Amino acid sequence: MIEALSDCIDFYNISIRYLIRNSGFSKAICQLCADISSECATACEQLTGTCYQSCAQTCRECAEICHRITEVGSIIPVNAMLLH
C-alpha cells in the first residue's frame, strides 16, 4: 500500500511539472498517472477504514481528471470542465 501511495504522489508531482511547462510528453505522463491512480484506488478499496475509502475516492477522481487531460492535451480545458 505504501508503495502504491508513493507512486501516486511521485506521478502527481511529475504530471504537474510537465503540464505547467506544456511538455509534449504531458499526455503520456498523465495517462500513466491515471493508470497508477486507478491501481492505487483499487488497492485502497481492499482495505477497511474511512481513510482508505476516502483515499480510493480521491485516486479515482484524479484518474478521471488525468484521463480528461489525455483527451484534450492540456490542463486549461480540463479546468473549465471541472468548474461546470
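Residues numbered from 1 in each chain as written. Predicted model: local features only at pLDDT ≥ 70, side-chain atom pairs only at ≥ 80, totals over all residues. Heavy atoms only, no water.

**Overview of a negative patch on the surface**
Inference 1: Together, Glu3, Asp7, Asp10, Asp35 and Glu39 line one region of the surface with negative charge.
Inference 2: Those elements that provide at least two residues to the negative patch are helix 1 (2–20) and helix 2 (26–45).
Inference 3: Counting residues per element, the negative patch draws most heavily on helix 1, which supplies 3 residues.
Inference 4: Summarising the element assignment, Glu3 is placed in helix 1.
Inference 5: By relative accessible area, which is 61% here, Glu3 ends up exposed. (Patch = residues over 30% accessible without salt bridge, like charges linked within 9 Å, V, L, I, M, F, W, Y side chains within 5 Å. Areas by Shrake-Rupley, 256 points an atom, 1.4 Å probe, with all protein chains shown as cover. Salt bridge = Lys/Arg side-chain N within 4 Å of Asp/Glu carboxyl O. Lys, Arg positive; Asp, Glu negative; His and termini not counted. Charge placed at Lys NZ, Arg CZ, Asp CG, Glu CD. Helix = DSSP H or I, 4+ residues; strand = E, 2+ residues; numbered from the N terminus. Buried < 20%, exposed > 50% of the residue type's maximum accessible area, 1.4 Å probe, protein only.)

**Considerations on helix 2**
Inference 1: The end-to-end C-alpha separation of helix 2 is 28 Å, in line with the 28 Å expected for 20 residues at 1.5 Å each.
Inference 2: Taken together, the buried positions of helix 2 are occupied by Ser26, Ile29, Cys30, Cys33, Ala34, Ile36, Ser37, Cys40, Ala41 and Cys44.
Inference 3: In this structure, the buried side of helix 2 is in contact with helix 1 and helix 3 (50–72). (Expected span 1.5 Å × (residues − 1). Contact = heavy atoms within 4.5 Å.)

**Things to note about the confidence of the model for the protein chain**
Inference 1: Overall, the predicted model of the protein chain reaches an average pLDDT of 84, with 86% of residues at or above 70.
Inference 2: Per-element confidence in the protein chain ranges from a low mean pLDDT of 52 for helix 4 (residues 75–83) to a high of 92 for helix 2. (pLDDT = per-residue confidence, 0-100.)

**Let's talk about the packing of aromatic side chains**
Inference 1: According to the stated counting rule, one finds 0 aromatic pairs in the structure shown.
Inference 2: Positioned over the ring face of Tyr18 is Arg21, at 4.4 Å from the centre of the ring. (Phe/Tyr/Trp six-rings, centres within 6.5 Å; stacked < 30°, edge-to-face > 60°. Lys NZ or Arg CZ within 6 Å of the ring centre and 35° of its normal.)

**What to know about the environment of Phe25**
Inference 1: Summarising the element assignment, Phe25 is placed in the loop between helix 1 and helix 2.
Inference 2: Along the backbone, Phe25 and Ser15 are 10 residues apart, and their C-alpha atoms lie at a distance of 9.5 Å.

**A look at the packing of helix 1 against helix 2**
Inference 1: It is the contact of helix 1 with helix 2, at a shortest axis distance of 9 Å, that shows an interaxial angle of 155°. Compared by their axis directions, helix 1 and helix 2 come out roughly antiparallel. Crossing hand, helix 1 versus helix 2: left-handed. Contacts from Ala4, Leu5, Asp7, Cys8, Phe11, Tyr12, Ile14, Ser15, Tyr18 and Leu19 in helix 1 reach Ser26, Ile29, Cys30, Leu32, Cys33, Ile36, Ser37, Cys40 and Cys44 in helix 2. (Axes fitted to C-alpha atoms, helices over the stretch in contact; angles between N-to-C directions. Parallel < 35°, antiparallel > 145°, perpendicular 65-115°, else oblique. Left-handed = near helix turned anticlockwise from the far one by under 90°.)

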